[in-house]
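Here's the letter readout for the chains.
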Amino acid sequence: MMQKADLNRLKKCMQRAEDGEELVIAFLGGSITQGSLATKAENTYAYRVFSWWKKTFPKADLHYVNGGIGGTTSHYGVSRVVTDILMYQPDFVVVDFSVNDEPDEFFEETYEGMIRRLLLWDSKPAVLLLNNVFYDTGKNAQEYHNAIGEWYQIPYVSIKDTVYKRMQSAEYTMDELTEDGLHPNDKGHKLVAEEITAFLQHVKEQEKNQEDTEYKLPKPLTANAYEHARRLTIREVSPKLDGFHADTEEKTGHLDHFKNGWIGRKPGDSIRFEIEASCIAVQYRKTIQKPALRAQLILDADEQHPVLLDGNFEENWGDCLYLETVLHHGKKALHTVDICILSDDIQAADAAPFYLMALITA
């Protein structure tokens, strides 16, 4: 944790818990937050941290919200932070996209937009940044994410700087912590949770801060085009359909991914959007059920620069909620997005349909 973190929100949150108030403890992130490779939900780092709150503040009425979705970045996170986390009016939020975001300026910007949405929300949640890590390579995006944390004086807990370092010094072997070099097993989740709860316990034991100062949000560190990102599904936008059809199955929760979108089943099926934005990305399914249909995207009738949307997923862990950026820091104007299923050598009858989940605009 950095030295100059503003802990006022967190201390106030703990005081309210001590007073027996009703609080929402929330987690936003990727597959580790969702709980991948833990044997049961109670063994995940997120639920272990929630259990610390329950044990430490027995008078409080606490509610648990887990907004983890495997294989997703802060680009998707900023578009869903309201529907998956903020609509529950959280009081404390742990955020972790450090193994899903690439360590670059694009994801620093999408991450900042998400953090600003959290800090500006009416419930004024205390935010804690978490940096998980690839145990096999040591890679994560914490350099960019923690730069945002320092700019906004948000505390962070780095697993790269703690558990991973102890593993490197032979206190643990990698196989003790993870089966695949990334996702923690039960022991790994326990160690992640212990780093977070040790920080929370440290804050709890500090002298209570009597200052009732209002947090002043600084100006953005990046270009910050994504703070008000929107995810457009069949609920928000009505494109022109020519062969594609809207998915009529009801979505049952935030992990029921392939719903509220549009489906193309044969070559030539097309769909057209007219969207006012300066940043546009398309979210579609890459599936392990091969072969799968492929599509071509044309932005603003620019046929010289088509974008291939390949529904075939080359990894084997499951279907992917893939995000393809097609416009970043472009002109804010009315743009056309045309998507058409390609005529490939495969027989369309044998191919998995092309599933367009959403457009994400900013």
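Check the entry above for the structure.
Residues numbered from 1 in each chain as written. Predicted model: local features only at pLDDT ≥ 70, side-chain atom pairs only at ≥ 80, totals over all residues. Heavy atoms only, no water.

Quick look at the overall build of the protein now. Counting its secondary structure elements, the protein contains 9 helices and 16 strands. Its C-alpha atoms give the protein a radius of gyration of 22 Å, near enough to 21 Å, the size a compact globule of 362 residues would have. Dimensions of the protein along its principal axes, counting C-alpha atoms only, are 65 × 45 × 35 Å. Taken over 362 residues, the protein has a buried fraction of 54%. By sequence separation, contacts in the protein at least 24 residues apart represent 81% of the contacts at least 6 residues apart. Accessible surface computed for the protein: about 16700 Å², of which carbon and sulfur atoms make up 47%. Counting 39 positive and 57 negative side-chain charges, the protein places the centres of these two groups 4 Å from one another. (Helix = DSSP H or I, 4+ residues; strand = E, 2+ residues; numbered from the N terminus. Rg over C-alpha atoms; globule rule 2.2 N^0.38 Å. Buried < 20%, exposed > 50% of the residue type's maximum accessible area, 1.4 Å probe, protein only. Contact = heavy atoms within 4.5 Å. Areas by Shrake-Rupley, 256 points an atom, 1.4 Å probe, with all protein chains shown as cover. Lys, Arg positive; Asp, Glu negative; His and termini not counted. Charge placed at Lys NZ, Arg CZ, Asp CG, Glu CD.)

Applying the stated criterion across every chain, the model contains 15 salt bridges. A salt bridge links arginine 16 to glutamate 21, with the nearest nitrogen and oxygen atoms 2.8 Å apart. Residue classification places glutamate 21 among the partly exposed residues on the basis of a relative accessible area of 34%. Put simply, Arg16, Glu21 and Asp91 are held in one network by salt bridges that share partners. (Salt bridge = Lys/Arg side-chain N within 4 Å of Asp/Glu carboxyl O.)

Our next topic: helix 1 (residues 8-18). What helix 1 keeps buried is the set Asn8, Leu10, Lys11, Cys13, Met14 and Ala17. Along its buried surface, helix 1 packs onto strand 1 (22-29), helix 3 (45-56), strand 3 (92-96), strand 4 (126-131) and helix 9 (186-205). Taken from the residues just after helix 1, glycine 20 is the one with a positive phi, measuring 85°.

What follows covers the packing of helix 4 (residues 74-84) against helix 5 (residues 105-120). When two helices pack together, their arrangement is captured by the angle between the axes and the distance separating the axes. The contact between helix 4 and helix 5 brings their axes to 8 Å, and the two run at 15°. Here helix 5 runs roughly parallel to helix 4, going by the angle between their axes. Relative to helix 5, the crossing made by helix 4 is left-handed. On the side of helix 4, the interface is formed by Ser74, His75, Gly77, Val78, Val81 and Val82, while helix 5 contributes Phe106, Phe107, Thr110, Tyr111, Gly113, Met114, Arg117 and Leu118. Residues that form the contact of helix 4 with helix 5 fall into these classes: 8 nonpolar, 5 polar and 1 charged. (Axes fitted to C-alpha atoms, helices over the stretch in contact; angles between N-to-C directions. Parallel < 35°, antiparallel > 145°, perpendicular 65-115°, else oblique. Left-handed = near helix turned anticlockwise from the far one by under 90°. Nonpolar A, V, L, I, M, F, W, Y, C, P; charged D, E, K, R; others polar.)

It is worth spelling out helix 5 at this point. Helix length check: helix 5 (16 residues) gives 22 Å between terminal C-alpha atoms against 22 Å at 1.5 Å per residue, within 8%. Burial analysis of helix 5 places 14 of its 16 residues in the buried class, the great majority of the element. By the N-cap criterion, in which a side-chain oxygen at the helix start approaches the backbone nitrogen of a residue two or three places on, helix 5 is capped by aspartate 104, the distance to phenylalanine 106 being 3.2 Å. (Expected span 1.5 Å × (residues − 1). Polar contact = N/O pair within 3.5 Å; in protein donor to acceptor, adjacent residues only side chain to side chain.)

On to the sheet that holds strand 5 (residues 156-158). Spatial ordering of the open sheet is given by 2-1-3-4-5, a layout of 5 strands whose pairing is parallel. Across the chains shown, the open sheet's two edge strands, defined by having one partner strand only, are strand 2 (61-68) and strand 5. Within the sheet, the average angular offset between the axes of one strand and its neighbour, ignoring direction, is 15°. Sitting on the sheet, helix 1 is in contact with strand 1, strand 3 and strand 4, with an inclination near 135° to strand 1. Where helix 6 (residues 142-151) meets the sheet, it contacts strand 4 and strand 5, and its direction lies at approximately 160° from that of strand 4. (Pairing = 2+ DSSP bridges.)

The antiparallel open sheet is built from 5 strands, whose spatial order is 7-10-15-12-13. Each edge of the open sheet carries a strand with a single partner, namely strand 7 (240-242) and strand 13 (307-310). Within this sheet the neighbouring strands show an average axis-to-axis angle of 20°, counted without direction. Where strand 12 (residues 294-299) and strand 15 (residues 333-341) come together, 5 bridges link them in antiparallel fashion.

Another aspect to go through is the side chain of asparagine 140. Looking at where asparagine 140 falls in the secondary structure, it is placed in the loop between strand 4 and helix 6. On the accessibility criterion, asparagine 140 (8% relative accessible area) is buried. In terms of polar contacts, asparagine 140 uses its side chain to reach the backbone carbonyl oxygen of asparagine 132, at 3.0 Å. Within the local environment of asparagine 140, its side chain forms a polar contact with the side chain of glutamine 142, the two groups lying 3.1 Å apart.

To continue, consider the environment of valine 127. Locating valine 127 in the fold gives a position in strand 4. For valine 127, a relative accessible area of 7% translates into the label buried.

Take the packing of aromatic side chains next. Using the criterion set out here, one finds 17 aromatic pairs in the structure. Their ring planes at 75° and their centres at 5.7 Å tell us that phenylalanine 106 and tyrosine 226 sit as a pair that is edge-to-face. One end of the pair, phenylalanine 106, is in helix 5; the other, tyrosine 226, is in the loop between helix 9 and strand 6 (230-232), with 120 residues separating them in the sequence. Considered together, phenylalanine 106 and tyrosine 226 belong to a single accessibility category, that of buried residues. Joined through ring pairs, the aromatic side chains of Phe27, Tyr45, Tyr47, Phe50 and Tyr64 make up one cluster. Lying across the ring of tyrosine 76, arginine 80 places its NZ or CZ 5.3 Å from the centre. A cation over a ring is seen here: lysine 286 above tyrosine 322, with NZ or CZ 4.8 Å from the ring centre. (Phe/Tyr/Trp six-rings, centres within 6.5 Å; stacked < 30°, edge-to-face > 60°. Lys NZ or Arg CZ within 6 Å of the ring centre and 35° of its normal.)

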